[in-house]
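Residue strings, one per chain:
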Amino acid sequence: RMARPDTALFNAMIDAYARNMQWERALSLFGRMEKAEGMAPTLETYNSLINACARANQAVAAIGLFSRMRQTSLRPSHRTINPLLAVLASNGAIQEALDIYEEMEMMETGTRRMGARLPPPNKRTYLTILAMLDGDEHTSRRDEVTSCASRRGWE
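Residues numbered from 1 in each chain as written. Predicted model: local features only at pLDDT ≥ 70, side-chain atom pairs only at ≥ 80, totals over all residues. Heavy atoms only, no water.

Visitor: Would you mind showing me how to read helix H6 (residues 94-104) here?
Guide: An α-helix turns once per 3.6 residues; consequently, residues spaced three or four apart project the same way. Here H6 has its buried residues at Ala 97, Leu 98, Ile 100, Tyr 101, Glu 103 and Met 104. Elements in contact with the buried residues of H6: helix H4 (59-70), helix H5 (78-90), helix H7 (123-132) and helix H8 (139-151). (Buried < 20%, exposed > 50% of the residue type's maximum accessible area, 1.4 Å probe, protein only. Helix = DSSP H or I, 4+ residues; strand = E, 2+ residues; numbered from the N terminus. Contact = heavy atoms within 4.5 Å.)

In structure tokens form, the structure reads like this:
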């Protein structure tokens, strides 16, 4: 009798598909993991899936996974958010990316909300947002983000 696969095995397989640009297979395996095997996805599961979608430029799938993850008790990490921001930016979903960024860092006060579920921006977050805001129509917004990055020591 064969042993039942565990979450670690599913995560390893999903990550392998993600690294090989097979996002649809990764999502299919994710469905099997949840439905057929009754296993709850972990942070690692979502990170691999969102990264797979980001690498394949599948913004709708990536944001759907992120929304689904946020309905759980899991807390997104930079490995979750930075690829998501990149795929949103590459698909012109500037407002969606800015909404996530603003939740990461409250720009109007420079302080974090109590109980915030997202990590503060890191250097990669700032670089992604600043690259997305390239253009004259985003000058003031880019200056705000640059100021926040400077306050955090990211020059």
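Moving on from the coordinates now.
Visitor: Explain the side chain of His 138 here, please?
Guide: Mapping His 138 onto the fold places it in the loop between H7 and H8. His 138 gets classed as buried once you look at its relative accessible area, which sits at 17%.

Visitor: Looking at this model, I keep getting lost on the pattern of salt bridges. Mind explaining?
Guide: Working definition: two side chains of opposite charge can pair if their charged atoms are close together. Taken as a whole and judged by the stated rule, the model has six salt bridges. Salt-bridge contacts for Glu 102 lead to Arg 141; the nearest nitrogen and oxygen are separated by 1.9 Å. With Glu 102 in helix H6 and Arg 141 in helix H8, this pair connects stretches of sequence that are 39 residues apart. Here the salt bridges do not stand alone but share partners, grouping Glu 102, Arg 141 and Glu 144 into one network. (Salt bridge = Lys/Arg side-chain N within 4 Å of Asp/Glu carboxyl O.)

Visitor: How should the packing of aromatic side chains be read in this particular structure?
Guide: Aromatic ring pairs are defined here through the distance separating the ring centres and the angle between the ring planes. Applying the stated rule across the entire model yields two aromatic pairs. Note on Phe 30 and Tyr 46: the rings are 5.8 Å apart at their centroids and 65° apart in plane angle, and the pair reads as edge-to-face. Pair noted here: Phe 30 is in helix H2 (residues 23-35) and Tyr 46 is in helix H3 (residues 43-55), with a separation of 16 residues, a long-range link. Where Tyr 101 meets Tyr 126, the ring centres are 6.1 Å apart and the plane angle is 70°; that geometry is what we call edge-to-face. Pair noted here: Tyr 101 is in helix H6 and Tyr 126 is in helix H7, with a separation of 25 residues, a long-range link. Note on accessibility: Tyr 101 and Tyr 126 belong to one class, buried. (Phe/Tyr/Trp six-rings, centres within 6.5 Å; stacked < 30°, edge-to-face > 60°.)

Visitor: Explanation requested: the side chain of Asn 82 in the structure shown.
Guide: If you trace the backbone, Asn 82 turns up in helix H5. With residues up to four places along the chain from it excluded, the contact list for Asn 82 reads Asn 122, Arg 124 and Thr 125.

Visitor: For this particular structure, what's the right way to read the nonpolar core?
Guide: Nonpolar side chains in soluble globular proteins tend to end up buried together. Leu 84, Ile 100 and Ile 129 are the most contacted members of the largest nonpolar core, which has 40 residues in total. Of all the elements in the fold, those that place two or more residues in this core are helix H1 (7-19), H2, H3, H4, H5, H6, H7 and H8. At six residues, the largest contribution of residues to this core is made by H3. Beyond its immediate stretch of four places on either side in the chain, Leu 84 contacts Ile 50, Ala 62, Ile 63, Phe 66 and Ile 100. (Core = buried A, V, L, I, M, F, W, Y, C linked by side-chain atoms within 4.5 Å.)

The analysis is restricted to geometry; functional conclusions fall outside its scope.
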